[in-house]
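The chain contents come next:
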Amino acid sequence: MVFILTEAAKTEIQNRLELSDSAKFIRLQMRKSCFMKVKLTLEGAVEGNDSEIVLDNLHFIIDKGECHYFRDKKLDFIPDRTGFKEFEII
């Protein structure tokens, strides 16, 4: 299972990782209330039901039950006009 990471998403993720002292992993979760929007959190460890994907030296973790949402898709970062930073899987 591999997805493509846009430059905008890669830059935003790297910026967030630089601000974190302990996080090494980037958890991706689909937002249940908004199709194709992704919740991104930084975490220090992998959990038992996670798959780890390494792209561009970034360590992503995705719950195995959600991996199919990301297969052959593109992860993009699109800041919206209301101040919320959105990640989207397209």
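Everything that follows concerns the structure shown earlier in this document.
Model, not experiment: these values are computed from the prediction.

Draft legend 1. Representation of the pattern of salt bridges. Applying the stated criterion across every chain yields a total of six salt bridges. Measuring nitrogen to oxygen at the nearest pair gives 2.7 Å for the salt bridge that ties Glu43 to Arg27. Residue Glu43 is located in strand 3 (residues 37–43), and its partner Arg27 is located in strand 2 (residues 25–30); the two are separated by 16 residues in the primary sequence. Since its relative accessible area comes to 21%, Glu43 is described here as partly exposed. Of the charged contacts, one joins Glu88 and Lys37 as a salt bridge, the two residues approaching to 2.8 Å between their closest N and O atoms. Residue Glu88 is found in strand 7 (residues 85–89), and its partner Lys37 is found in strand 3; the two are separated by 51 residues along the sequence.

Draft legend 2. Seen up close, the packing of aromatic side chains. A full pass over the atoms with the stated rule returns three aromatic pairs. Between Phe3 and Phe60, the ring centres sit 5.3 Å apart and the planes meet at 80°, which makes this aromatic pair edge-to-face. Taken as a pair, Phe3 in the segment before strand 1 (4–5) and Phe60 in strand 5 (residues 58–63) lie far apart in primary sequence, 57 residues in all. A single burial state applies to Phe3 and to Phe60, both of which are buried.

Draft legend 3. Seen up close, unusual backbone geometry. One non-glycine residue, Asp56, adopts positive backbone phi at about 50°. A positive phi is found at Asp72, a non-glycine position, where the angle reads about 60°. Tracing the chain through its elements places Asp72 in the loop between strand 5 and strand 6 (74–79). Judged by relative accessible area, Asp72 falls into the exposed class, the value being 68%.

Criteria and cut-off values
- Residues numbered from 1 in each chain as written.
- Predicted model: local features only at pLDDT ≥ 70, side-chain atom pairs only at ≥ 80, totals over all residues.
- Heavy atoms only, no water.
- Salt bridge = Lys/Arg side-chain N within 4 Å of Asp/Glu carboxyl O.
- Helix = DSSP H or I, 4+ residues; strand = E, 2+ residues; numbered from the N terminus.
- Buried < 20%, exposed > 50% of the residue type's maximum accessible area, 1.4 Å probe, protein only.
- Phe/Tyr/Trp six-rings, centres within 6.5 Å; stacked < 30°, edge-to-face > 60°.

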